[in-house]
Amino acid sequence: MLKIAEKIDQQLEEFAVAESKDQGKPVSLARKMDIPRASYNFRKFASAWENLVDTSNSLPEHGVINISSRSPIGVAGLISPWNLPLYLLTFKIAPAIMAGNTVVCKPSEMTSVTAWMLAKVMKEVGLPDGVVNIVFGTGSPCGQSIVTHPKVRMISFTGSTAIGQKIAQLTATSMKKVSLELGGKNASIIFNDANLDESVAGVTRSAFLNQGEICLCTSRIFVQSKIYDRFLEKLVNSVKRLKTGDPLEEDTFTGAVNSAAHYEKVMSYIKFATEDGGTIECGEGVSVLKLAPHNKNGYFITTESQTSDQSSACKMRYLDLWLASPNLKLKKKLLIGSMTPGMDCVPVSGLRML
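Conventions and cut-offs
Residue numbers run consecutively from 1 along every chain, following the written order of its sequence. For this predicted model, a pLDDT threshold of at least 70 governs which residues receive local features, and a threshold of 80 or more governs which side-chain atom pairs are given and counted, while totals over whole chains, interfaces and linings are taken from all residues. Values reported for side chains reflect all heavy atoms of the structure, with hydrogen atoms and water molecules removed beforehand. Only DSSP runs of H or I reaching four residues or more are called helices, and only runs of E reaching two or more are called strands; each is numbered from the N terminus. Known as pLDDT, the predictor's per-residue confidence is scaled from 0 to 100. Two residues form a contact once any of their heavy atoms are found within 4.5 Å. Relative accessibility decides the category of a residue: with a 1.4 Å probe and only protein chains considered, values under 20% of the type maximum give buried, values over 50% give exposed, and everything between is partly exposed. Here a polar contact means two N or O atoms within 3.5 Å. Within protein one must be a hydrogen donor candidate and the other an acceptor candidate, and residues neighboring in sequence count only if both atoms are side-chain atoms. Planes of paired rings set the category: under 30 degrees apart is stacked, over 60 is edge-to-face and the rest tilted, where pairs are Phe, Tyr or Trp rings (Trp by its six-membered ring) whose centres lie within 6.5 Å. Two limits define a charge over a ring: the Lys NZ or Arg CZ must be within 6 Å of the ring centre, and within 35 degrees of the ring normal. Between any two strands, pairing holds if DSSP finds at least two bridges. With axes taken as lines fitted to C-alpha atoms, and helix axes fitted only over the stretch in contact, angles between N-to-C directions fall between 0 and 180 degrees. Cavities and pockets are defined on a 1 Å grid built over the protein atoms alone: a cavity is a set of grid points where a 1.4 Å probe fits but cannot escape, while a pocket is an open set with protein on both sides within 12 Å along at least five of seven lines, and lining residues are those with an atom within 4 Å of any such point. Grid points are joined across faces, edges and corners, and a volume is the space filled by probe spheres set on the points. Residue type decides the class: Asp, Glu, Lys and Arg count as charged, Ala, Val, Leu, Ile, Met, Phe, Trp, Tyr, Cys and Pro as nonpolar, and the leftover types, Gly among them, as polar.

Re unusual backbone geometry
Next up, step 1: In the Ramachandran plot, Met175 falls in the positive-phi region, its phi being about 60° despite a non-glycine side chain.
Next up, step 2: Along the chain, Met175 falls in the loop between helix 7 (161–172) and strand 7 (177–182).

In structure tokens, the structure reads:
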């Protein structure tokens, strides 16, 4: 595993460029985050085995000794997404093989280049045949075959909630171990006493890093009314400074979204929000997206901020959350999340939604 990590580090630039071209993210981000994290995953888990020990405890008065023993589960099926291709694929492979398992992996069919490069690295450093097996293909024939195969005893999946639900159904009767990391919506909450400059910088990065294609990215912002206008002005100015363009240029912050389907999905959300009363403060239809001629046909969307009060775009899923501050006390059912039909909005006193 350490040899794999070392080889990835040696080929940092080749991996970064390939990830950028395949996924759409800026090469500077792949160079700084994705590829270093991939090698770190192998390096970190190479030593984690030291913590996998058998444990025991005793109850002498009852003549009882309890022993917990850990052993490999066998074959693990690993299905990774298109937003952080090598980063998340290695985050699945490394702990699985560290624990003594073999794996069958299916990277996203949208971003499989660096998975192929990783397989080549593993071959070069002498990883035994059959330890890591990578299958390239679409979800229905390939992914479903992995999920339902009787010799695959564990599934680790990162992706959409809909597919996660299907995997849960397919594995229910076989009682396989299943790990699901599914899509999410996340809110930032800005209080009156917040440092606005630091808050704006943090929200800008958390919302638009990797074109916003990270499950942890901020998609909703709740701001206390007293500072709302100042925060909005600072945020819009910050977002306007982000460069959307050629992923291979070093000063690009947001590259192209990953696919035509994802482009259409994002554009449909923008259309829905504006038709429903949202106001575009900067972005599509307001800001001018300047692209080089060779990028004109790419799936580029300028960074965007919208404001909304009580439109149906607020119909979100519930999150139980307790907060308290000198100026605001919230009880359960603070709303954050996605445009989910059929859910009701709960007004939050003292907060406005951005």
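Don't stop here, the text continues.
Focus on the confidence of the model for the protein
Next up, step 1: With 87% of its residues at a pLDDT of 70 or more, the protein has an overall mean of 85.
Next up, step 2: Taken together, the stretch residues 310–349 has pLDDT below 50 and engages in 83 contacts with residues farther than four places along the chain or on a different chain.

Brief notes about the environment of Ser199
Next up, step 1: In this structure, Ser199 sits in helix 8 (residues 196–208).
Next up, step 2: By relative accessible area, Ser199 is classed as buried at 16%.
Next up, step 3: Considering only alpha carbons, one finds Ser199 and Ser188, 11 residues apart in sequence, at a separation of 9.2 Å.
Next up, step 4: Leave out the neighbours within four places in its chain, and Ser199 touches Ile190, Ala194 and Phe231.
Next up, step 5: Side-chain polar atoms of Ser199 contact the backbone oxygen of Asn195, separated by 2.8 Å.

A few points about the packing of aromatic side chains
Next up, step 1: Across all of its chains, the model carries two aromatic pairs by this definition.
Next up, step 2: Residues Phe45 and Phe91 carry aromatic rings whose centres are separated by 6.2 Å and whose planes lie at 50° to one another, so their mutual orientation is tilted. Linking Phe45 in helix 3 (residues 27–48) with Phe91 in helix 4 (residues 85–98), this pair joins segments that are 46 residues apart in sequence.
Next up, step 3: For Phe45, a relative accessible area of 19% translates into the label buried.
Next up, step 4: Since its relative accessible area comes to 37%, Phe91 is described here as partly exposed.
Next up, step 5: Ring geometry for Tyr263 versus Tyr299: centroids 6.1 Å apart, planes at 40°, classification tilted. A residue pair is termed long-range when its members are at least 10 positions apart, and Tyr263 in helix 10 (residues 260–275) and Tyr299 in the loop between strand 10 (279–282) and strand 11 (305–307) qualify at 36 residues.
Next up, step 6: Over the face of the ring belonging to Phe91 we find Arg37, whose NZ or CZ atom lies 4.9 Å from the ring centre.

Things to note about the sheet that holds strand 3 (residues 75–79)
Next up, step 1: Across the sheet, five strands lie side by side as 5-4-3-6-7; this open sheet has parallel pairing. Single-partner strands in this sheet number two, and they are strand 5 (132–134) and strand 7. On average, each strand axis in the sheet is inclined to that of its neighbour by 15°, with strand direction left out of account.
Next up, step 2: Direction of pairing for strand 3 relative to strand 6 (residues 152–159): parallel, over a ladder of five bridges. Bridging across to strand 6, Ala76 finds its partner in Met154.

Some words on the environment of Val152
Next up, step 1: Note that Val152 resides in strand 6.
Next up, step 2: Sequence separation between Val152 and Gly74 is 78 residues, and the spatial gap between their C-alpha atoms is 7.4 Å.

Digging into the layout of surface pockets
Next up, step 1: In this structure, the second largest pocket occupies an estimated 510 Å³ of space.
Next up, step 2: Along the wall of the second largest pocket there are 21 residues; nearest its centre are Pro95, Ala96, Ala99, Asn101 and Met154.
Next up, step 3: Elements supplying a minimum of two residues to the lining of the second largest pocket: strand 3, helix 4, strand 6 and strand 7.
Next up, step 4: Top element by residues in the lining of the second largest pocket is helix 4. It accounts for five residues.
Next up, step 5: Looking at the lining of the second largest pocket residue by residue, the class counts come to 12 nonpolar, five polar and four charged.

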